[in-house]
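# Remarks on the overall topology
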Amino acid sequence: MKRVFLIVLDSFGIGAEPDAPAFGDAGTNTLGAIAGHPNFKGDQLARLGMFNLDGVTCGTKLDAPIGSYARLREASAGKDTTIGHWEIAGLLSPEPLPTFPNGFPKEVLDEFTARTGYQVLCNKPYSGTEVIKDYGEEHMKTGALIVYTSADSVFQIAANEAIVPVEKLYEICAEARRMLVGKYGVGRVIARPFVGDCAANFTRTPRRHDFSLVPPADTMLDVLQQAGKSTIGVGKIHDIFAGRGMTEFTYTSGNTDGLAKTLEIAGRDFTGLCFVNLVDFDMLYGHRRNPDGYAQALHEFDTWLPELLAKLGDDDCVIITADHGCDPGYLKHTDHTREYIP
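Computed from a predicted structure; not experimentally measured.

Each packed pair of helices is defined by two parameters, the angle between the axes and the distance between the axes. Axis separation between helix H4 (residues 106-116) and helix H6 (residues 166-179) bottoms out at 10 Å; the angle between their running directions is 135 degrees. Judged by the angle between their axes, H4 and H6 are oblique. In this structure, H4 crosses over H6, and the sense of that crossing is right-handed. Judged by residue contacts, Val 108, Glu 111, Phe 112, Arg 115 and Thr 116 of H4 engage Ile 172, Glu 175, Ala 176, Arg 178 and Met 179 from H6. Looking at the contact of H4 with H6 residue by residue, the classes come out as five nonpolar, one polar and four charged.

The structure is reproduced here in C-alpha cells:
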C-alpha cells in the first residue's frame, strides 16, 4: 500500500467486551444505542461490512460486503483515549493509567500552586459543562483555576479566557504535564478554556488542548517516520502521541472540519499514513449521553465516506475503527464504556 487512511471514530463501540462488568459497563453497546434512531444512516458502512461484524445484531447483514471487516477486543487494561490509540499503534498497556475518583491529593495541588502561582477550585470528578456553571463565577472573582477530573486518567484545567488568556492556560497545562509523572502520570492534562460573564452564559470554546503522556516505547508512527514515510496526524492525534512520530499534523475544530481536512489530504500525493481522530462522537455526544447527536454524526460520516473512497488509488487503503466505546444510551455513568471496536 502507498497511502493508508486510518480513521478513528472516537468512542464508536460495537458491544460490551467480556470484562465490561469489571469496568461498570455490562450490556453497553454504542452502535446498538443509535442504529434504530431516525437520524441514523449507515449505508456506506454497511457496504463495508459493519453489520456483518461478529456480535452486531442490529442492521441488515449483506451477502457480499465490499470491505474486509473484523471485531477487535482491547488487550490493554483501560478504556480511555490514550490507551486505545496507543494500542492501535502497537503499544499495549498492561496497567491502567492512574485515575482520581476522589480528586487529586493535597501534595499534588500544593506543588501545582507552587509551580504556577495559582490556587485551585473544585478538585473533583465533574462534567466539563457543569463545572464551569458551578465554579465559573468564583473563578472569575478569585482568579483561582478550576481543576477537575473524570473517570478517565485526566487532569483538566478550566479558565475563562477573560481571566487567563489561552496561551497562558497552555503554559500552565504544560507545567502541570511536566509535574504529573510516575504514580501521578495521568494520560492527559487538558486545557479547557471558556467564555461568558456569568453562569447562565458560560460556554466552552474550541481552543481545548491536550497535553499527553509521552508513549513509553516506539509506536507505528515512530517506525514509519524512521523508515522515511509520511505520518500525518489529523485532529487530536498529535496530542495523544505527545507529538512523537509525526512528520505533519493539523488540528480540527470538530468532525466536519476533520472530514474536510482528511479529504484535502486524500487529494495529495504522499507515501505513508494519514491518522485521523473524529472527536465529536465522544466529546459532544457520547459523554453527554446524546443518541440523537451521535446518530446524526454517524450519518454525516457515512454520507461523506463516498467522497473519500472516490479519491483512492489501487494502492491506497482506508481503515475505520475506534478507540473504546461511549454508549450514549447507557445512563449508569457518563464515562467511556469497555466495548469491542470495529
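Right, let's talk about empty space enclosed by the protein for a bit. Counted under the stated rule, the structure contains one cavity of 30 Å³ or more. Estimated volume of the largest cavity: approximately 30 Å³. As for the largest cavity, its lining consists of Asp 80, Thr 81, Thr 82, Leu 97, Ser 153, Gly 187 and Arg 188.

Judged by nonpolar contacts, the single largest core of 40 residues is most densely connected at Leu 9, Phe 12, Leu 31, Phe 40 and Phe 301. Sorting the residues of this core by element identifies strand E1 (3-9), helix H1 (30-34), helix H2 (43-48), strand E8 (230-234), helix H9 (255-266), strand E10 (272-278) and helix H11 (291-309) as the ones contributing at least two each. Ranked by residue count, the leading element in this core is H11, at eight residues. Each residue touching Leu 9, except ones within four places of it in the same chain, is listed here: Leu 278, Phe 281, Leu 298, Phe 301, Ile 320, Thr 321, Ala 322 and Asp 323.

Right, let's get into the sheet that holds E1. Strand order in the open sheet formed by five strands is E9-E8-E10-E1-E11, and the pairing between neighbours is parallel. Because the sheet does not close on itself, it has two edges, and the strands there are strand E9 (248-250) and strand E11 (316-321). Across the sheet, the axes of successive neighbouring strands diverge by a mean angle of 10 degrees, strand direction being ignored. When E8 meets E9, the two strands line up parallel, connected through three bridges. Within the sheet, the bridge partner assigned to Val 234 lies in E9 and is Thr 250. Across the sheet, H11 is in contact with E1, E10 and E11; its angle to E1 comes to roughly 175 degrees.

Attention now goes to the layout of surface pockets. Space inside the largest pocket adds up to approximately 730 Å³. Contributing elements (two or more residues each) for the lining of the largest pocket: E1, H2, helix H3 (81-88) and E11. In terms of residues, the lining of the largest pocket owes the most to one element, E11, which gives six residues. Looking at side-chain class alone, the lining of the largest pocket contains 21 nonpolar, six polar and six charged residues.

Quick look at the packing of aromatic side chains now. Using the criterion set out here, one finds 13 aromatic pairs in the structure. Pairing Phe 104 with Phe 155 gives two aromatic rings, centres 4.7 Å apart and planes at 55 degrees, and the pair type is tilted. Of this pair, Phe 104 sits in the loop between H3 and H4 while Phe 155 sits in strand E4 (residues 154-160), and the two are 51 residues apart along the sequence. In this structure Phe 155 comes out as buried when scored by relative accessible area, which is 0%. Each member of the aromatic cluster is reached from another via a ring pair, and the members are Phe 100, Phe 104, Phe 112, Phe 155 and Tyr 184. A cation over a ring is seen here: Arg 71 above Tyr 340, with NZ or CZ 3.8 Å from the ring centre.

Now for the state of the cysteines. Applying the stated criterion across every chain, the model contains zero disulfides. With no disulfide of its own, Cys 58 lies 17 Å from the sulfur of Cys 326, the closest cysteine sulfur. Cysteine Cys 274 is unpaired, with the sulfur of Cys 317 as its nearest cysteine sulfur at 12 Å.

This part covers the pattern of salt bridges. Within the structure shown, the criterion is met by 24 salt bridges. Residues Lys 168 and Glu 171 are paired through a salt bridge, measuring 3.8 Å at the closest nitrogen-oxygen approach. On the criterion of helical spacing, the pair formed by Lys 168 and Glu 171 is a turn pair, its members being three residues apart in helix H6. The partner of Arg 188 in a salt bridge is Asp 210, with the nearest N and O atoms 3.2 Å apart.

Here is what the cut-offs are and how they apply
Residues numbered from 1 in each chain as written. Predicted model: local features only at pLDDT ≥ 70, side-chain atom pairs only at ≥ 80, totals over all residues. Heavy atoms only, no water. Axes fitted to C-alpha atoms, helices over the stretch in contact; angles between N-to-C directions. Helix = DSSP H or I, 4+ residues; strand = E, 2+ residues; numbered from the N terminus. Parallel < 35°, antiparallel > 145°, perpendicular 65-115°, else oblique. Left-handed = near helix turned anticlockwise from the far one by under 90°. Contact = heavy atoms within 4.5 Å. Nonpolar A, V, L, I, M, F, W, Y, C, P; charged D, E, K, R; others polar. 1 Å grid on protein atoms, 1.4 Å probe; cavity = no way out; pocket = protein on both sides within 12 Å on 5 of 7 lines; lining within 4 Å. Points joined across faces, edges and corners; volume = space filled by probe spheres on them. Core = buried A, V, L, I, M, F, W, Y, C linked by side-chain atoms within 4.5 Å. Buried < 20%, exposed > 50% of the residue type's maximum accessible area, 1.4 Å probe, protein only. Pairing = 2+ DSSP bridges. Phe/Tyr/Trp six-rings, centres within 6.5 Å; stacked < 30°, edge-to-face > 60°. Lys NZ or Arg CZ within 6 Å of the ring centre and 35° of its normal. Disulfide = S-S within 2.5 Å. Salt bridge = Lys/Arg side-chain N within 4 Å of Asp/Glu carboxyl O.

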